[in-house]
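Below are the chains, spelled out letter by letter.
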Amino acid sequence: MINLKNLPNQQRGEVTKLFLRRHWLIVAEILGYLLTLVVIPFISMKFLTFAEIDPLSDIFWGPVTYLLFSVYLLFVLVIIITQFTDYYLDTWIVTTERIINIEQRGLFTRTISELHLNQIQDVTAERKGILSMFLNFGQVYIQTAGAKERFNFKQIHNPEGVKQVITGLINDDKRRHGDASGQSSDQNHSETTL
Amino acid sequence: MIPLWYLLIAYFALVALAFLFLFFNLFDISHFGLQNGKTSIVLAVYTLSFLLVLLISASLLITIDWGESIQISQITDIILQRISPSSL
């Protein structure tokens, strides 16, 4: 489990400033899928009733209908909780020393990347679309010098606020440690596949 | 004659598969989740919702007499009845 007060490789005096997940709209989307999928069997039964087909009264199709419905509910549940697990375990941790990017892809792939604040060249906040404007969510891109990939804080709440916090932390870090820009990028990237 | 309880074999196999995926989800959340109360709530919700779905399916399946047997021709009766009622 992740303990924000005791992160792996924690430096002396390092404090967690932000713990971010994707916007609550993603959870609403998952619940929307759940509602839609649960309603489908009932709509199907209504169609069958309208067509004067009653499988429940049949000696074979009655039990089969109940079994199919039960299995369908189980697998809808499994799909929904897997989607939620993917959302719940996608996190970004911003401390006074570094940024940790944890991406969960499905159940069996997890990528953890770490970037020290003194290697960050650019922080960009982005909001696209009418929904992101009203609900205040978007992306924050973190770019280092010479790195092929950049960190992408996807669909987070208040991207401008997060950008300001990170920029402030970078400036504080420069005051403490000096400006390390121009040094080789030391981004740690590890991919864990279960 | 095919006993109806043969259908339960496939059902329980699929329940076992769903349980396996539930286990993977619980493992990932408990292993990689944040150390706080929300994670415990998520684990509890996962477990309770799975048990709820099992309870719902059990309440439906318990109404069936699984000891009965059927003939293969009875499987297609309901379809033929729709296509050509006079043939039955």
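Definitions and limits used
- Residues numbered from 1 in each chain as written.
- Chains lettered and ligands numbered in written order.
- Predicted model: local features only at pLDDT ≥ 70, side-chain atom pairs only at ≥ 80, totals over all residues.
- Helix = DSSP H or I, 4+ residues; strand = E, 2+ residues; numbered from the N terminus.
- Buried ≥ 20, exposed ≤ 12 C-beta atoms within 10 Å, placed from the backbone.
- Contact = placed C-beta atoms within 7 Å.
- pLDDT = per-residue confidence, 0-100.
- Core = buried A, V, L, I, M, F, W, Y, C linked by C-beta atoms within 7 Å.

**Focus on the overall build of chain A**
Turning to step 1, where the next piece is worked out: Summing up its helical and strand segments, chain A has four helices and eight strands in all.
Turning to step 2, where the next piece is worked out: Helices and strands appear in chain A in the N-to-C order β-α-α-β-β-β-β-α-β-β-α-β.
Turning to step 3, where the next piece is worked out: Counting every position in chain A, which comprises 194 residues, the buried fraction comes to 24%.
Turning to step 4, where the next piece is worked out: In chain A, of all internal contacts separated by at least 6 residues, the share reaching a separation of at least 24 is 60%.

**Here we look at the interface of chain B and chain A**
Turning to step 1, where the next piece is worked out: Of the residues lining the interface, 33 residues belong to chain B; the matching set on chain A comes to 28 residues.
Turning to step 2, where the next piece is worked out: Of all the elements in the fold, those that place two or more residues in the side of chain B that touches chain A are α1 (6–32), α2 (37–61) and α3 (72–83) of chain B.
Turning to step 3, where the next piece is worked out: It is α1(B) that contributes the most residues to the side of chain B that touches chain A, 13 residues altogether.

**So, the confidence of the model for chain B**
Turning to step 1, where the next piece is worked out: Across chain B, the average pLDDT comes to 85, with 84% of residues at 70 or higher.
Turning to step 2, where the next piece is worked out: Two numbers describe this predicted complex: its pTM, 0.82, and its ipTM, 0.82.

**Looking at the nonpolar core**
All names here are of chain A.
Turning to step 1, where the next piece is worked out: Grouped together as the largest cluster of nonpolar side chains are 17 residues, with contacts concentrated most on I99, V140, I142 and F153.
Turning to step 2, where the next piece is worked out: Where this core is concerned, the elements lending two or more residues are β2 (91–95), β3 (98–105), β5 (120–126), β6 (137–144), β7 (151–157) and α4 (159–177).
Turning to step 3, where the next piece is worked out: Not counting chain neighbours up to four residues away, the residues in contact with I142 comprise I99, L115, I120, V123, R150 and F151.
Turning to step 4, where the next piece is worked out: Counting residues in each nonpolar core, the second largest holds 13 residues, with L77, V78, F84 and L89 among its members.

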